[in-house]
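Structure at a glance
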There are 2 protein chains.
Amino acid sequence: MLNENGNRINEFMALEDIKSVIIQASPCGVLIVDKDGIIIGYNDTFKKHRAVRHEKLINRKLEDIFFLGKRKDEQGNFLDPLLETLETGRASSGELELYISFLHDTAICRVWSAPIRDKDGRFIGACGVYYDLTPYRRKKKQLEEVNHILVQTSAQLYNQHMETIRAFANAIAARDNYTRWHSEKVAEYAQQICYGLGVDEQTANMAYLAGLLHDVGKIGVPEAILTKPGRLTQSEFDIIKKHPNIGVAILDSMQNMKDILTIIKHHHERYDGRGYPDCLKGDDIPLLSRVLAVADSFDAMTSDRSYRKAFPMEKAIAEIKNNAGTQFDPEVVRSFLAMVQDHWITG
Amino acid sequence: MLNENGNRINEFMALEDIKSVIIQASPCGVLIVDKDGIIIGYNDTFKKHRAVRHEKLINRKLEDIFFLGKRKDEQGNFLDPLLETLETGRASSGELELYISFLHDTAICRVWSAPIRDKDGRFIGACGVYYDLTPYRRKKKQLEEVNHILVQTSAQLYNQHMETIRAFANAIAARDNYTRWHSEKVAEYAQQICYGLGVDEQTANMAYLAGLLHDVGKIGVPEAILTKPGRLTQSEFDIIKKHPNIGVAILDSMQNMKDILTIIKHHHERYDGRGYPDCLKGDDIPLLSRVLAVADSFDAMTSDRSYRKAFPMEKAIAEIKNNAGTQFDPEVVRSFLAMVQDHWITG
């Protein structure tokens, strides 16, 4: 066991004390039993780990003290590697969970057991070394528990976010039923257009959510203007044009709405820079705002409004097509046309 | 070290092999040095832990291999308890962090060291036992990290909740500026009344939040009715009476709004059971709804409305007092009166 090198090490090995010192200093429990399993020795660590008094250990059988007189469990597995060594005469190892009545708790040990033989090679007993894994296992278990809570909390955070979006969709619906269904359809169209553009799943989902909320600012526009049967005056239209910024004002306090807000803010910009509120142009307009612009216009044209009847589908599609490059991003229009081709086999 | 009992144990103790077996089975690293710190022996576990080859260990000085030739750090602390034992001749223990170049990582050990003396008591060397704490420490560190993330995520969850409430307050404000300031004041009054009732801090805060959102359902009531200058017709009042349930419909999708929703739903119940929407009576009305009822009526009376001027403060207070036991919970009214006494020294 100790690597020897020349004479000097032999001088040390001859000292019986060295080994006693090593065992003394060991943080492991050490137990020695005779061939019948009767305990004849142990170190202080063993006694401390098991929280059992000397009289309860010495000269008593291992299985009687800790295992209700049994050596194996119901599945036929040895209850302690040391019991296996007693039966087989061979070294063994394993893990052991022990109920420590004194602590009202279980301790988990890694155990190594080995046979002891006399100078003629006869099996006369066995020794076990017990390494307490409890603090490590406790930390591991805590880690698993905390991890589990973290997964739940993160899911909760996401659910709460989705619930908030749903609640704002409800608020829009409470105000104005047209806007509610319009928002649902714009959300669907925007997501489909995104798939055609080949963006990732997350971006397509973001387009859906932004679609649901794109008109949230209309909560702040008077009904008289929203539902006016005739053409709007310039000053009425100026009020309508505030709705993207009102939407931003409503959701601005929410950290996790920042991305959606930017999209909502710019969904009435035009590709040629003549839109509102910021007259952004081309690629300066966020991609999903350009997507919403097409989805929004298409649904508005194909719905009955207070001031006009719905356009026929073909006319609405032609209108979008004609405005590619001026009002709309031509790339987004291309994806939109592919979508209507797939869904309605028209155009 | 081994507890002895009668003759049988002596027979075992005489076996040099027992102790070798114990050290062999030990999951601890064992190191033996002579009085000059030159390594003369170690067990396999030690070699494995340190990931150092035999030629690099045997016959070389401990401090040269692991500590760049030093025994103490810059603060004068021994770099290894074994080095302390070499200098002082006394046993020592401590923790040790070692960089294992082979693993590109550090290992943390608990170390026990003890002097070795010959039969005449002369100090001839020392032995160290190294118990690897690394897996335990790694789990502990992971646990700390995950705990930290959990604390952050929980805070995020709370912030998100508060942000949502703020966003709905913004939505109310976008719709109707009167309701915005009304809500802020009702929230304040409700919280103050709660303090007077002696409820816990959390409940008082809940009253504040419910106050902020109690009229969220008014988003769904047409402006023509909300701002009508004259008296409402019965059918118009029937529409107004829907606002608590519209509030519920808007926020119903949100798990963490359930408590607030119940309070909002019943803020127009009357103590005598003649309120709306559910004609609840007395203690069947949630406490915070009873609180909101008083706060809401007081602020409505003391504000200018489209259909009447604000009441003088004294008249509003008298009105609340006169309706204790019919419209309002007398206990809540008592706390309300104490609040106005404290704040305005009237009544």
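As annotated in an unreviewed UniProt entry, chain A is Putative nucleotidyltransferase with HDIG domain from Desulfallas thermosapovorans DSM 6562.

**Examining the overall build of chain A**
Scanning chain A from terminus to terminus reveals 16 helices and five strands. Against the globule reference of 20 Å for 347 residues, chain A gives a C-alpha radius of gyration of 39 Å, more extended than a compact globule. Across the 347 residues that make up chain A, the buried fraction comes to 49%. Long-range contacts, defined as pairs at least 24 residues apart, comprise 50% of the intrachain contacts of chain A with a sequence gap of at least 6.

**Focus on the packing of aromatic side chains**
Under the counting rule described, the total for this entry stands at 18 aromatic pairs over all chains. A ring pair is formed by Phe46 of chain A and Phe66 of chain A, whose centres lie 6.3 Å apart and whose planes are at 80°; its orientation type is edge-to-face. Of the two residues, Phe46 of chain A is situated in helix α3 (residues 44-50) and Phe66 of chain A in helix α5 (residues 62-66); the sequence distance between them amounts to 20 residues. Taking 6.3 Å as the distance between ring centres and 40° as the angle between the ring planes, the aromatic pair formed by Tyr42 of chain B and Phe46 of chain B counts as tilted. By the burial criterion, Tyr42 of chain B is buried, and Phe46 of chain B matches it. The ring of Trp181 of chain A carries Arg180 of chain A above its face, with NZ or CZ at 4.7 Å from the centroid.

**Describing the pattern of salt bridges**
Oppositely charged side chains can pair when the atoms bearing their charge come close. Across all of its chains, the model carries 40 salt bridges over all chains by this definition. Note that Lys228 of chain A is salt-bridged to Glu236 of chain A, the shortest N-O span being 2.6 Å. Overall, Glu236 of chain A belongs to the buried group, its relative accessible area being 18%. Ionic pairing is found between Arg122 of chain B and Asp120 of chain B, a salt bridge with its closest N-O pair at 3.5 Å. Of the residues examined, Arg122 of chain B reaches a relative accessible area of 54% and is grouped as exposed. The class of Asp120 of chain B is exposed, set by a relative accessible area of 57%.

**Section: the environment of Ala126 of chain A**
Within the secondary structure layout, Ala126 of chain A lies in strand β5 (residues 123-132). Each C-alpha atom, one on Ala126 of chain A and one on Ile38 of chain A, is 10.0 Å from the other, the two residues being 88 residues apart in sequence.

**Considering the interface of chain A and chain B**
Each side of the interface is counted separately: chain A has 84 residues, and chain B has 83 residues. Of the roughly 7600 Å² buried between chain A and chain B, counting both surfaces, carbon and sulfur atoms make up 68%. Run the count over chain A and chain B and you get two salt bridges. A salt bridge links Arg175 of chain A to Glu223 of chain B; the shortest N-O distance between them is 3.5 Å.

**A look at the domain arrangement of chain A**
Splitting chain A by domain gives domain 1 (15-132) and domain 2 (141-345). Domain 1 of chain A and domain 2 of chain A are separated by 72 Å when their C-alpha centres are compared.

**Some words on the relation of the copies chain A and chain B**
Mapping chain A onto chain B calls for a screw motion: a turn of 180° about the axis and a shift of 0.6 Å along it, with 0.6 Å RMSD after fitting. Here the two chains are linked by the operation of a two-fold rotation axis. Comparing interface residues between copies, 99% of those in chain A also sit at the interface in chain B, which points to an isologous, same-surface contact.

**Some thoughts on the sheet that holds strand β1 (residues 29-34) of chain B**
In any sheet, the strands associate via hydrogen bonds between backbone groups, in a parallel or an antiparallel arrangement. Residue and element names in this part refer to chain B. Taken in spatial order, the five strands of this open sheet run β2-β1-β5-β4-β3, and their pairing is antiparallel. Taken across any chain shown, the strands that pair with only one partner, and hence form the sheet edges, are β2 (39-42) and β3 (92-100). The sheet shows a mean angle of 30° between the axes of neighbouring strands, direction not considered. Pairing of strand β4 (residues 105-117) with strand β5 (residues 123-132) involves nine bridges; the strand directions are antiparallel. If you follow Val111 over to β5, its bridge partner there is Tyr130. Where helix α6 (residues 81-88) meets the sheet, it contacts β1, β3, β4 and β5, and its direction lies at approximately 165° from that of β5. Across the sheet, helix α7 (residues 134-175) touches β3, β4 and β5, and the angle it forms with β4 is around 140°.

**Notes on the sheet that holds strand β2 (residues 39-42) of chain A**
Residues and elements named next belong to chain A. Here we have five strands laid out as an open sheet, ordered β2-β1-β5-β4-β3, and antiparallel in their pairing. With partners counted over all chains shown, the strands left at the sheet margins are β2 and β3 (92-100), one partner each. Each strand axis lies, on average, 30° off the axis of its neighbour in the sheet, ignoring direction. In this sheet, strand β4 (residues 105-117) lies alongside β3 in antiparallel orientation, the contact comprising nine bridges. Residue Leu98 lies in a different strand from β4, and its bridge partner there is Ala107. In the packing of helix α6 (residues 81-88) onto the sheet, contacts are made with β1 (29-34), β3, β4 and β5, and the angle to β5 comes to roughly 165°. Along the sheet, helix α7 (residues 134-175) contacts β3, β4 and β5; its crossing angle with β4, the most-contacted strand, is approximately 140°.

**Observations concerning helix α8 (residues 177-197) of chain B**
Residue and element names in this part refer to chain B. Relative to the 30 Å expected for 21 residues at 1.5 Å per residue, α8 spans 31 Å between its end C-alpha atoms, a close match to the ideal helical length. When we look at burial in α8, the residues that qualify are Thr179, His182, Ser183, Val186, Ala187, Tyr189, Ala190, Gln191, Ile193 and Cys194. Downstream of α8 by one or two residues, Gly198 has phi in the positive range, about 75°.

Thresholds, definitions, all that
Residues numbered from 1 in each chain as written. Chains lettered and ligands numbered in written order. Predicted model: local features only at pLDDT ≥ 70, side-chain atom pairs only at ≥ 80, totals over all residues. Heavy atoms only, no water. Helix = DSSP H or I, 4+ residues; strand = E, 2+ residues; numbered from the N terminus. Rg over C-alpha atoms; globule rule 2.2 N^0.38 Å. Buried < 20%, exposed > 50% of the residue type's maximum accessible area, 1.4 Å probe, protein only. Contact = heavy atoms within 4.5 Å. Phe/Tyr/Trp six-rings, centres within 6.5 Å; stacked < 30°, edge-to-face > 60°. Lys NZ or Arg CZ within 6 Å of the ring centre and 35° of its normal. Salt bridge = Lys/Arg side-chain N within 4 Å of Asp/Glu carboxyl O. Buried area = accessible area lost by both parts, 1.4 Å probe. Domains from an automatic or database assignment. Least-squares fit on C-alpha atoms with pLDDT ≥ 70 in both. Pairing = 2+ DSSP bridges. Axes fitted to C-alpha atoms, helices over the stretch in contact; angles between N-to-C directions. Expected span 1.5 Å × (residues − 1).

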